[in-house]
Amino acid sequence: MRIKTLLLWLVFVVGMCGKLPVHASELMQDSIRISLVTCAPGYEIYALFGHTAIRYENYTRRQDLVFNYGMFSFNTPNFVMRFLMGKTDYQLGVVPYSHFEMEYAMRGSDVYQQVLNLTQEEKVRLVMLLDENYHPSNRTYRYNYFYDNCTTRARDKIEECLNGSVSYPEDVPSCSFRDIIHEFTAGNEWSELGIDLCLGAEADVPLDYRKQQFAPFKMLSSARKATLSRSESVTSYIESEHVRKAEVIRDHSEGFPLSPLACAIILLGITLTVAVWSYKVGRVCWLWDVLLYGLQGLGGCIIAFLFFFSVHPTVGSNWMLALFNPLPLCYLPMMVYKAVKRKKDFYHVLNVVYLTLFIIAMPFIPQYFNATVLPLALSLLVCSAGHLFLYRSKRFK
């Protein structure tokens, strides 16, 4: 771990020193190659979707650098809060390609290089733009996962420097932000659940081909079939493509053996068992109420915060707020008080009606719900329904 940290620091320091020549007249004489670089996904949640960067090779000056718009630091003050608010700042970094490739090789990720079919003038213009972007006053930008990320930045900077225009294939299969996310979270069910709980209905709206390119491998696929139009000539956007296979292949196993759906079903079974036990003994198991409704309220606090305060895209249209919100947490002390004093709680009557309507309405709400949501909602419903059955029992009176 220390070795990896040291290497990453070395990459950062070298990158900060890797300034490019800014004299266009000199660059026009150089032998330059520009490539779009796409890295295969990793196992960390922030690396599940891969990565995109721009590779600059100057054979005349023996320079081989990567312009990386995906640089960030977990050590940034208030990083977690800023991330939740959607106010995370990323930076453009410049690192030697050998170090960049080594970082992804260490995690077992293949690196795809698509050499762009650019003229010398376009290459020089792009190098000048990237160099200007790397100036300390310009290199930081406000990151937006769907609309302004490392992939869209690389795509847009390249397009800015063209004498013509790029035409991408428009006949791509219809899909949404959530569909694309699910492509890359397959096999990472806990990460997928967390993302699904946070994204709202806007994440399920069909996207055009350009919006799909926020994902590195969607951009890779689009670039393969793209054409470049200049004046009256049309050429392929990609001159050639190469793949650097990772020599290290890491075995990845989930840390927790059970899937979210299995855990939710187990939770439903336990809730049903507690309800039956409560009916038989004639008293409320308020400890289970604290656990169940407390978790509902805590999860609701996160979703409500994202819904009302975060500028992340799509989170402000999240229907999950109807199921997970802070209200149960606020009412929990009164719920426990009535349970201990053996008083009937009208909250559970309202909860049964409300949860029943929510479950019935789920298929008609214009938002995808993770399969785990249904047994979670049923657990809350069974818990409240158990209270109502208990209130009618002679043992409770």
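Residues numbered from 1 in each chain as written. Predicted model: local features only at pLDDT ≥ 70, side-chain atom pairs only at ≥ 80, totals over all residues. Heavy atoms only, no water.

Section: the nonpolar core
Part 1 of the argument: If you look at the biggest cluster of nonpolar residues, it comprises 35 residues, and the most contacted ones within it are Ile34, Tyr56, Leu116 and Tyr237.
Part 2 of the argument: Mapped by element, the contributors of at least two residues to this core are β1 (32-39), β2 (51-58), β3 (63-71), β4 (89-96), α5 (120-133), α6 (150-160) and α10 (216-225).
Part 3 of the argument: Counting residues in each nonpolar core, the second largest holds 28 residues, with Leu292, Met335, Leu355 and Phe358 among its members. (Core = buried A, V, L, I, M, F, W, Y, C linked by side-chain atoms within 4.5 Å. Buried < 20%, exposed > 50% of the residue type's maximum accessible area, 1.4 Å probe, protein only. Helix = DSSP H or I, 4+ residues; strand = E, 2+ residues; numbered from the N terminus.)

A word on the side chain of Thr88
Part 1 of the argument: The residue Thr88 is located in the loop between α3 (79-85) and β4 in this model.
Part 2 of the argument: Excluding its chain neighbours within four sequence positions, the residues that come into contact with Thr88 are Phe79, Arg82, Phe83, Tyr141, Arg142 and Tyr143. (Contact = heavy atoms within 4.5 Å.)

Regarding the packing of aromatic side chains
Here a ring pair, both rings aromatic, is described through the centre-centre distance and the interplanar angle of the planes.
Part 1 of the argument: Summed over the entire model, instances satisfying the criterion amount to 21 aromatic pairs.
Part 2 of the argument: Here Tyr168 and Tyr237 contribute two aromatic rings whose centre-to-centre distance is 6.3 Å and whose plane-to-plane angle is 85 degrees, an arrangement assigned as edge-to-face. Of this pair, Tyr168 sits in the loop between β7 (165-167) and α7 (177-185) while Tyr237 sits in the loop between β9 (233-236) and β10 (238-244); the two residues are 69 residues apart in sequence, bridging distant segments of the chain.
Part 3 of the argument: The buried category is assigned to Tyr168, whose relative accessible area is 6%. (Phe/Tyr/Trp six-rings, centres within 6.5 Å; stacked < 30°, edge-to-face > 60°.)

Points about the environment of Ser229
Part 1 of the argument: Among the structural elements, Ser229 can be located in strand β8 (residues 227-230).
Part 2 of the argument: Once the C-alpha coordinates of Ser229 and Ser176 are considered, the two residues, 53 residues apart in sequence, prove to be 29 Å apart.
Part 3 of the argument: Not counting the four nearest positions on each side in its chain, Ser229 is found in contact with Gly164, Ser165, Ser167 and Val234.

Some remarks on the environment of Cys263
Part 1 of the argument: Examined against the element boundaries, Cys263 turns out to sit in helix α11 (residues 260-281).
Part 2 of the argument: It is 8.6 Å that separates the C-alpha atoms of Cys263 and Thr372, two residues lying 109 residues apart in sequence.
Part 3 of the argument: What Cys263 contacts, discounting residues up to four positions off in sequence, is Trp190, Phe256 and Leu258.

Side note on the packing of α11 against helix α15 (residues 373-391)
Part 1 of the argument: Relative orientation of the contacting elements α11 and α15 amounts to 0 degrees, with a least axis distance of 9 Å. It follows that α11 is roughly parallel to α15 by the angle criterion. Between α11, through Leu261, Ala264, Ile265, Leu267, Leu268, Thr271, Leu272, Ala275, Ser278 and Tyr279, and α15, the contact on the second element is made entirely by Pro375, Leu376, Leu378, Ser379, Val382, Cys383, Gly386, Phe389 and Leu390.
Part 2 of the argument: Residues belonging to the contact of α11 with α15 are distributed by class as follows: 15 nonpolar, 4 polar and no charged. (Axes fitted to C-alpha atoms, helices over the stretch in contact; angles between N-to-C directions. Parallel < 35°, antiparallel > 145°, perpendicular 65-115°, else oblique. Nonpolar A, V, L, I, M, F, W, Y, C, P; charged D, E, K, R; others polar.)

Remarks on the pattern of salt bridges
Part 1 of the argument: Within the structure shown, the criterion is met by 19 salt bridges.
Part 2 of the argument: Where Glu57 meets Arg55, a salt bridge forms, and the shortest distance between an N and an O atom there is 3.4 Å. Both residues of the pair, Glu57 and Arg55, count as buried.
Part 3 of the argument: Of the charged contacts, one joins Arg230 and Glu122 as a salt bridge, the two residues approaching to 2.8 Å between their closest N and O atoms. Taken together, the positions of Arg230 in strand β8 and Glu122 in helix α5 put the pair 108 residues apart, joining distant regions of the chain.
Part 4 of the argument: Judged by relative accessible area, Arg230 falls into the buried class, the value being 14%.
Part 5 of the argument: Under the relative-accessibility criterion, Glu122 is labelled buried at 0%. (Salt bridge = Lys/Arg side-chain N within 4 Å of Asp/Glu carboxyl O.)

Brief notes about the packing of helix α12 (residues 286-309) against helix α13 (residues 327-340)
Part 1 of the argument: The contact between α12 and α13 brings their axes to 9 Å, and the two run at 170 degrees. In this view, α12 runs roughly antiparallel relative to α13, as classed from their interaxial angle. Within the contact between the two elements, α12 uses Trp286, Asp289, Val290, Tyr293, Gly294, Gln296, Gly297, Leu298 and Cys301 and α13 uses Pro328, Leu329, Leu332, Met335, Val336, Ala339 and Val340.
Part 2 of the argument: Residue composition of the contact of α12 with α13, grouped by class: 12 nonpolar, 3 polar and 1 charged.

Here's the deal with the sheet that holds β8
Part 1 of the argument: One open sheet accounts for 3 strands, arranged β7-β8-β9; its pairing is antiparallel. Two strands close off the open sheet at either side, each with one partner strand: β7 and β9. Mean inter-strand twist for the sheet, computed between neighbouring axes without regard to direction, equals 30 degrees. (Pairing = 2+ DSSP bridges.)

Points about α5
Part 1 of the argument: The end-to-end C-alpha distance of α5, which contains 14 residues, comes to 20 Å, matching closely the 20 Å that a straight helix rising 1.5 Å per residue would cover.
Part 2 of the argument: Restricting attention to buried positions, one finds in α5 the residues Glu122, Lys123, Val124, Leu126, Val127, Leu129, Leu130, Asp131 and Asn133. (Expected span 1.5 Å × (residues − 1).)

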